Amino acid sequence: MSASSKTSVRFWSGLRTIGGTVVTVQYEDAKIVFDFGAAYNPAANVLDGQVRLRQGALLHDYIRLGTLPGVDGLYEAEQLRGLSGIRPFDRERDARTAVFISHLHYDHMLGIGLIPEHIPVYMSRMSRRLYRRLHKIGEGVAGSRHRFQAMPGGLQPVRIGAIEVTALPVDHDILGACAFHIRTPDGTILYTGDLRFHGNHPEWTEAMMAKAKELGADILIIEGTMLNLPNDDGLPVDVKPADLAPSRELPEGWTREPDMPGLVANRLLAANGLALVNTAPRNVERLVSMAEAARQAGRMAVFEPESAYLLHTMTACRDFLVYESDTTSRLLAAGKAPGWLRKTAIRSVLINAAGVNRSPSRYLLQNTYGNLLELLDLDTSGGIYVHSDGVPLGSFDPTYGKLLAFLESLGLPFAAVRCSGHAPAENLKYIADMIDPPTLVPLHSFHPELLLPKSGVQLLPEYGRTYRLEGGRLL
Ligand SMILES: [Zn+2]
Ligand SMILES: [Zn+2]
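Residues numbered from 1 in each chain as written. Chains lettered and ligands numbered in written order. Predicted model: local features only at pLDDT ≥ 70, side-chain atom pairs only at ≥ 80, totals over all residues. Heavy atoms only, no water.

The protein goes by MBL fold metallo-hydrolase in an unreviewed UniProt entry, where it is assigned to Paenibacillus chartarius. According to UniProt, the comment filed for the protein under the heading Function (unreviewed entry) is "Counteracts the endogenous Pycsar antiviral defense system. Phosphodiesterase that enables metal-dependent hydrolysis of host cyclic nucleotide Pycsar defense signals such as cCMP and cUMP." (UniProt positions renumbered as here; feature names shortened; annotations may be inferred.)

K.L.:
Pulling in residues and values, what's your account of the coordination of the zinc ion (ligand 1)?
P.N.:
Of the protein atoms, only D107 (OD), H108 (NE2), D194 (OD) and H444 (NE2) coordinate the zinc ion (ligand 1), at distances of 2.1 to 2.2 Å. Viewed at the metal, the four donor atoms of the zinc ion (ligand 1) are separated by angles of 86 to 156 degrees, and the geometry they form is irregular. Each donor residue of the zinc ion (ligand 1) belongs to the same chain, with the gaps between them written as D-H-x85-D-x249-H. Between the two metal centres, the zinc ion (ligand 1) and the zinc ion (ligand 2), the spacing is 3.5 Å, with D194 acting as a shared donor. One end of the pair, H108, is in helix α3 (residues 106-109); the other, D194, is in the loop between β10 (187-191) and α5 (202-215), with 86 residues separating them in the sequence. Owing to a relative accessible area of 0%, H108 belongs among the buried residues under this scheme. Taking relative accessible area as the criterion, D194 reaches 1% and is therefore assigned buried. (Donors = N, O, S within 2.8 Å, 3.2 Å for Na, K, Ca; no water. Tetrahedral: all angles 85-135°; square planar, octahedral: opposite > 155°, others 65-115°. Helix = DSSP H or I, 4+ residues; strand = E, 2+ residues; numbered from the N terminus. Buried < 20%, exposed > 50% of the residue type's maximum accessible area, 1.4 Å probe, protein only.)

K.L.:
How would you explain the coordination of the zinc ion (ligand 2) if you had to name every residue and give the values?
P.N.:
Summarising the metal site, the zinc ion (ligand 2) is bound by the protein donors H103 (NE2), H105 (ND1), H172 (NE2) and D194 (OD), whose distances to it range over 2.2 to 2.4 Å. Classification of the site at the zinc ion (ligand 2) rests on its four donor atoms, whose angles at the metal span 89 to 169 degrees, yielding the label irregular. Mapped onto the polypeptide sequence, the residues donating to the zinc ion (ligand 2) form the spacing pattern H-x1-H-x66-H-x21-D.

K.L.:
Outline unusual backbone geometry, supporting the account with residue identities and numerical values.
P.N.:
Cis rather than trans, the peptide bond between V391 and P392 has omega equal to -10 degrees. Following the sequence through the fold, P392 ends up in the loop between β17 (384-387) and α12 (398-409). One non-glycine residue, E28, lies in positive phi territory at about 50 degrees. Relative to the helices and strands, E28 resides in the loop between β2 (22-27) and β3 (30-34). In this structure E28 comes out as partly exposed when scored by relative accessible area, which is 47%. In this model, R81 sits at a positive phi of 45 degrees, which is unusual for a non-glycine residue. The exposure class assigned to R81 is partly exposed, which follows from its relative accessible area of 46%.

K.L.:
I'd love a proper account of the packing of helix α6 (residues 260-269) against helix α7 (residues 284-296), names of residues and values included.
P.N.:
In the contact formed by α6 and α7, the axes pass within 8 Å of each other and the chain directions differ by 45 degrees. As judged from the angle between their axes, α6 and α7 are oblique. In the crossing of α6 with α7, the sense of the turn from one axis to the other is right-handed. On the side of α6, the interface is formed by M260, P261, G262, V264, A265 and L268, while α7 contributes R286, S289, M290, E292, A293, A294 and Q296. Here the contact of α6 with α7 is built from residues that sort into eight nonpolar, three polar and two charged. (Axes fitted to C-alpha atoms, helices over the stretch in contact; angles between N-to-C directions. Parallel < 35°, antiparallel > 145°, perpendicular 65-115°, else oblique. Left-handed = near helix turned anticlockwise from the far one by under 90°. Contact = heavy atoms within 4.5 Å. Nonpolar A, V, L, I, M, F, W, Y, C, P; charged D, E, K, R; others polar.)

K.L.:
I'd like a description of the sheet that holds β10, backed by residues and values.
P.N.:
The seven strands lie next to each other as β7-β8-β9-β10-β11-β19-β20, forming an open sheet whose pairing is mixed. The open sheet has two edge strands, β7 (158-160) and β20 (457-458), and neither has a second partner. Here strand β19 (residues 439-443) runs beside β20; their pairing, made up of two bridges, is parallel. In the strand pairing of β20, L440 is matched with Q458. Strands β8 (163-169), β9 (178-184) and β10 of the sheet are contacted by α5, whose axis makes an angle of about 150 degrees with β8. (Pairing = 2+ DSSP bridges.)

K.L.:
For the sheet that holds strand β5 (residues 121-123), give the residues involved together with the corresponding values.
P.N.:
With mixed pairing, eight strands are arranged side by side in an open sheet as β6-β5-β4-β3-β2-β1-β21-β22. The outermost strands of the open sheet, each flanked by one partner alone, are β6 (149-150) and β22 (473-474). Its contacts with the sheet place helix α4 (residues 125-136) against β5 and β6, and it is angled at close to 110 degrees to β5.

K.L.:
Report on the packing of aromatic side chains, specifying residues and quantitative values.
P.N.:
Taken as a whole, this structure holds 12 aromatic pairs when the rule is applied. The interplanar angle of 35 degrees and the centroid separation of 5.0 Å between the aromatic rings of F34 and Y191 together place this pair among those described as tilted. Of the two residues, F34 is situated in strand β3 and Y191 in strand β10; the sequence distance between them amounts to 157 residues. Exposure class is identical for F34 and Y191. Each is buried. Each ring, one from Y400 and one from F414, has its centre 6.3 Å from the other, and the planes form 85 degrees; the classification is edge-to-face. Of this pair, Y400 sits in helix α12 while F414 is found in strand β18 (residues 414-416), placing the two residues 14 residues apart along the sequence. Taking relative accessible area as the criterion, Y400 reaches 7% and is therefore assigned buried. An aromatic cluster is defined as three or more aromatic residues linked by ring pairs; in this entry it consists of F34, F100, Y122, F180 and Y191. (Phe/Tyr/Trp six-rings, centres within 6.5 Å; stacked < 30°, edge-to-face > 60°.)

K.L.:
Please provide a residue-by-residue account of the pattern of salt bridges, values included.
P.N.:
A pair can form between side chains of opposite charge whenever their charged atoms are brought close. The tally for this structure, following the rule as stated, stands at 14 salt bridges. With its nearest N and O atoms 2.5 Å apart, the salt bridge here joins E206 to R248. With E206 in helix α5 and R248 in the loop between β11 (219-223) and α6, this residue pair connects regions lying 42 residues apart in the sequence. Residues joined in a network through salt bridges with shared partners are E257, R286 and D389. (Salt bridge = Lys/Arg side-chain N within 4 Å of Asp/Glu carboxyl O.)

K.L.:
Please give an account of the domain arrangement of the protein that cites residues and values.
P.N.:
Domain boundaries in the protein define domain 1 (7-50 + 59-232 + 421-474) and domain 2 (257-416). Its C-alpha centre places domain 1 at a distance of 32 Å from the equivalent point of domain 2. Contact with domain 1, which involves 24 residues of that partner, is made by 18 residues of domain 2. For the pairing of domain 1 and domain 2, the buried interface totals around 2100 Å² over both sides, and the portion due to carbon and sulfur atoms is 55%. Summed over the three residues of domain 1 that lose the most area to domain 2, namely R133, I137 and N200, the buried surface amounts to 26% of that side. As a salt-bridge pair, R282 and E139 come within 3.3 Å of each other at their nearest N and O atoms. Between the two partners, domain 1 and domain 2, sit eight residue pairs in polar contact (both at pLDDT 80 or more). Every element with two or more residues in the side of domain 1 that touches domain 2 is listed here: α3 and α4. (Domains from an automatic or database assignment. Buried area = accessible area lost by both parts, 1.4 Å probe. Polar contact = N/O pair within 3.5 Å; in protein donor to acceptor, adjacent residues only side chain to side chain.)

Right under this line is the structure:
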């Protein structure tokens, strides 16, 4: 290790988990932190919605539970509540610290409400637009911090001391997702965030790769979600390093986002009664796909108000009705509805359970898991329940079995029509080979070791170690 490099890199979490990636890059007194979420592991997470969060002790509890890592200089002393071994935030010493968020999935941003307000939190302009709306509909993060900075577009970097960070949009199953190109006087790092080619915007991922080649990438930090994912939903299993050939194509059995409307419409055409769909509000493009699926099947989409609000304010899609639950109806009647809900109600045609029950086969009704009991008011005979990447996501979530059992008790057939947000292993290999960095760091994966570099070296970092960026390598 030579003293000539002043850039140090540390990996705090997310190396062998899906999400929870937290990495710091430091140059002199400037420090950036990228991504700040918690690993996605519903089977092991004690915070399952039944255990109450302690608002005043949230940060302390997250760190004790291993939900967030104990990064030095990033938390207010009082919030740490005496936790030892973590240096608290110091306004002078940490004046040049900034956090960067690649996209708005919880595994990349759960902790951003807990960062001191003196530390800027950057995200793409589109992510900030989306976040403001998610916050309104109760889909934001816990904590008090709600002012975030938008990164400039084009190739304009954000400068934190001598560190430059440029946002490069990528295709992922949420709007605003981007990779980060990071430059320090000692070299360049490309962090992909989460990405794929098989969404509505493969050209974004392509453009990111081209720009990364242009700007240089000594170190490529790449997500590896699909490197040997356990097969519980028909996804490929047991990719061996030797088998992993680079390919830009989507393997057999995978679904593209643009194919989703047609695939769901086929299911709807086969059903004689009410069609339900469980899809996440924050996947705004999927909501549009579902409105299109309904149209293709001669039905009308009916969205929950939260999703309808996002569609109204972020897309041109207006071809839907809005579901009015008893709770919504009472809030509106009592004049107690929040502004976003009032606006959504004014802009929309509302329909309640009785209205849907008058001719169930005319509708495709969104039902997110929290609203499961609405099904008890609906005529679901001859219907179908389409699972389209809402929560609970799959059998790795203990709640998933409960959902299936409940649907079975109603005699409601279940169909999963999914489209992954993550590139298959062959595509990851293609991306890594095309960028061909001197150092390849796969993470956000159960099996990062499976992604081998074309000509550089693979680095599987360890926690608690500080690496130095020098000559294209992390030492
Ligand atoms: Zn992720
Ligand atoms: Zn993601």
